[in-house]
Amino acid sequence: MSEVLDQAARRRTFAIISHPDAGKTTLTEKCLLYGGALSAGAGAVKARDGRRSATSDWMELEQQRGISITSTVLQFPYRDCVLNLLDTPGHRDFSEDTYRVLAAADAAIMVLDSAKGIEPQTLKLFEVCRDRGLPLLTFLNKWDRPGREPLELIDQIESEIGVSPTPMTWPVGISGDFRGVIERGSNQFIRFERTARGSTMAPEELVDADRAAEEEGEWWEKAVEELELLDAVGANHERDNFLAGVSSPLYVGSALTNFGVRHLLDAVVDLVPSPSPIEDEDGNPRALDAPFSGMVFKVQANMDKAHRDRIAYLRVCSGEFKRGMVVTHDRTGKPFATKYAHTVFGRERETVEVAYPGDVIGLVNATDVRIGDTLWVDDPITLPRVPAFAPEHFSVIRVTDTAKFKQFRSGIAQLDEEGVVQVLRDRQLGDQAPMLAAVGPMQFEVAKHRLENEFGAPVELSPAKFSVARETDEGSEAELRAMSGVDVLFRADGTRLALFETPFWLERIEREHPDLVLNRLIAEG
Ligand code: G4P
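A brief report on the enclosed structure follows. Keep in mind that what you see is a predicted model, and the values were worked out from it rather than measured.

## Points about the sheet that holds strand S24 (residues 393–399)
Turning to step 1, where the next piece is worked out: Across the sheet, 4 strands lie side by side as S25-S26-S24-S27; this open sheet has antiparallel pairing. If you trace the sheet from one side to the other, it starts and ends with strand S25 (422–424) and strand S27 (459–463), each paired once. Sheet twist, expressed as the average angle between the axes of neighbouring strands with direction ignored, equals 35°.
Turning to step 2, where the next piece is worked out: As paired elements, S25 and strand S26 (residues 435–438) share 3 bridges and run antiparallel to each other. Among the inter-strand pairings, glutamine 422 is bridged to a residue of S26, identified as alanine 437.
Turning to step 3, where the next piece is worked out: With respect to the sheet, helix H11 (residues 405–418) is in contact with S24, S25, S26 and S27, its orientation differing from that of S24 by roughly 150°.

Here it is as structure tokens:
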């Protein structure tokens, strides 16, 4: 096997998604602990005083709020594999950024707080995984403390997301006294032991069924009965269903005490597919061992005050990346020297020398490179564009100090390119008072904060009355413009968006004017 194929087969590229407080940060930290990439206590993902620190958070706004808005990537070894964990923003609004990160992942782990189950604000995120057919592992976290009945949680996942959980491990013990798990299939009992502050791996003891029945008593019986029930309803893992995003292998555990973390990481290695050949915009696959190609899924400027620059994150799709190689930027046809290529481990940057399919690299000062762009060597390829999301929130933005208009204008263009928000313009009004469009209102706050702090342009936002958008064409534009409660604005890429005040109004227009072109945008609720 060639080096590239061999290396690609060792890669597992995945993201963790959850609602805030379900334990994503803690679990990320424990993944690093089990991967040997984090020694106990040192450089923890979370600072000791409870405020977020090193790994994911960089912006002041994030620190003030204690939330994670931007995402980074963590690479660590586990067994004989190389795991690429793409961090997703953890705030409650579903954001486009998360979606784009998911576009670069081969699977996601959905972390749920066992006491809360699925929370409505993040439902959409899970639905997006299902809609995209992204393989999904489920981790029921916080089993060390009182929570809901596991069977009830399974029902909820099935009915609310429409993905069938297939339990791979099952908890033994009462709420608050989590003893261990039964490994479904082998029917072995793995008993966990706590360690001080969960700072080292949880010791595991393999206990046979007879001894488990004797020592764990009624909690063992309860778990066995529940498993019989699951067998009866056929909640079994089938690889094809998992890969199609129809079913989700489910693991129980506690990120705090490390219980079940090992099983979850083993599942990443054993179940998550390694990178497969990507298709170009015409559906032609590019072999993994073809010359280098990569897809930009995220652009981030001014990540760190010490380095005022712009990083384009790229997932390697084929071939071997070697630092210093000159690649072609597909959209502009220009050569791009990759002298400054980094892996970004939280805040820390390390120069990357070589990368393989599934790996993520950060190209520093990639001025012209935008989200969705393709970079290649030797053999040209254009990858399908990362689609923009259907916005649901709209706000007009103005600079409040007219002397700062220039800064405002370049700031808006920058945020648009980074995909922080979508910027919609009226052809006549241009940049005077553009409309910002977002999937979640948090995107507006980030835009305002960055315009004021990075670009020195004070702004005010006034919410607009629209709530739904459709893509339209030139032929329909005039008729739509003449209607009340409708506006037509342009994205920088030339896309025409028709905005409507309410979904009911839109429905009525669609009914009464079937001739109008009103195409749905992706991921509408
Ligand atoms: P997030 O990134 O998804 O927002 O969640 P995070 O890991 O920050 O966890 C949120 C809170 O839940 C933290 O408590 C964390 O310690 C706790 N937690 C995470 N996993 C578990 C678990 O398995 N069991 C229990 N009992 N708690 C868990 P905190 O009080 O906000 O912070 P801290 O002071 O404990 O660090």
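## Points about the packing of aromatic side chains
Turning to step 1, where the next piece is worked out: Scanning the entire structure with this criterion turns up 8 aromatic pairs.
Turning to step 2, where the next piece is worked out: Here phenylalanine 394 and phenylalanine 466 contribute two aromatic rings whose centre-to-centre distance is 6.5 Å and whose plane-to-plane angle is 85°, an arrangement assigned as edge-to-face. A residue pair is termed long-range when its members are at least 10 positions apart, and phenylalanine 394 in strand S24 and phenylalanine 466 in the loop between S27 and strand S28 (468–472) qualify at 72 residues. Phenylalanine 466 carries the same exposure label as phenylalanine 394, and that label is buried.
Turning to step 3, where the next piece is worked out: An aromatic cluster is defined as three or more aromatic residues linked by ring pairs; in this entry it consists of Phe178, Phe192 and Phe259.
Turning to step 4, where the next piece is worked out: The side chain of arginine 427 reaches across the aromatic face of phenylalanine 490, ending 3.6 Å from its centre.

## Here we look at the sheet that holds strand S29 (residues 486–490)
Turning to step 1, where the next piece is worked out: Spatially, the 3 strands line up as an open sheet ordered S28-S30-S29, and their pairing is antiparallel. The sheet terminates laterally at S28 and S29, the two strands that pair on one side only. Strand-to-strand twist across the sheet, computed as the mean angle between neighbouring axes with direction ignored, equals 30°.
Turning to step 2, where the next piece is worked out: Bridge count between S28 and strand S30 (residues 496–500): 5 bridges; the pairing is antiparallel. Each bridged residue has a counterpart across the sheet, and for threonine 472 the counterpart in S30 is arginine 496.
Turning to step 3, where the next piece is worked out: The strands touched by helix H13 (residues 474–481) within the sheet are S28, S29 and S30, with S29 carrying the most contacts at an inclination of about 140°.
Turning to step 4, where the next piece is worked out: Each of S28, S29 and S30 touches helix H14 (residues 503–512); the most contacted strand, S28, lies at about 30° to it.

## Some remarks on the site of the ligand
Turning to step 1, where the next piece is worked out: Lining the immediate surroundings of the ligand are 18 residues, of which Asp21, Lys24, Thr25, Thr26 and Asp144 lie closest.
Turning to step 2, where the next piece is worked out: A distance of 3.0 Å separates an oxygen atom of the ligand from a polar atom in the side chain of asparagine 141.
Turning to step 3, where the next piece is worked out: In this structure, lysine 142 approaches the ligand through a side-chain N or O atom, which is 3.0 Å from an oxygen atom.
Turning to step 4, where the next piece is worked out: Here the ligand, which alone exposes 710 Å², has 72% of that area covered by the protein.
Turning to step 5, where the next piece is worked out: The greatest single-element share of the shell around the ligand, amounting to 3 residues, is contributed by helix H2 (residues 24–34).
Turning to step 6, where the next piece is worked out: Tallied by class, residues from the shell around the ligand come to 4 nonpolar, 7 polar and 7 charged.

Analysis parameters
- Residues numbered from 1 in each chain as written.
- Predicted model: local features only at pLDDT ≥ 70, side-chain atom pairs only at ≥ 80, totals over all residues.
- Heavy atoms only, no water.
- Pairing = 2+ DSSP bridges.
- Helix = DSSP H or I, 4+ residues; strand = E, 2+ residues; numbered from the N terminus.
- Axes fitted to C-alpha atoms, helices over the stretch in contact; angles between N-to-C directions.
- Contact = heavy atoms within 4.5 Å.
- Phe/Tyr/Trp six-rings, centres within 6.5 Å; stacked < 30°, edge-to-face > 60°.
- Buried < 20%, exposed > 50% of the residue type's maximum accessible area, 1.4 Å probe, protein only.
- Lys NZ or Arg CZ within 6 Å of the ring centre and 35° of its normal.
- Near = heavy atom within 4 Å.
- Polar contact = N/O pair within 3.5 Å; in protein donor to acceptor, adjacent residues only side chain to side chain.
- Areas by Shrake-Rupley, 256 points an atom, 1.4 Å probe, with all protein chains shown as cover.
- Nonpolar A, V, L, I, M, F, W, Y, C, P; charged D, E, K, R; others polar.

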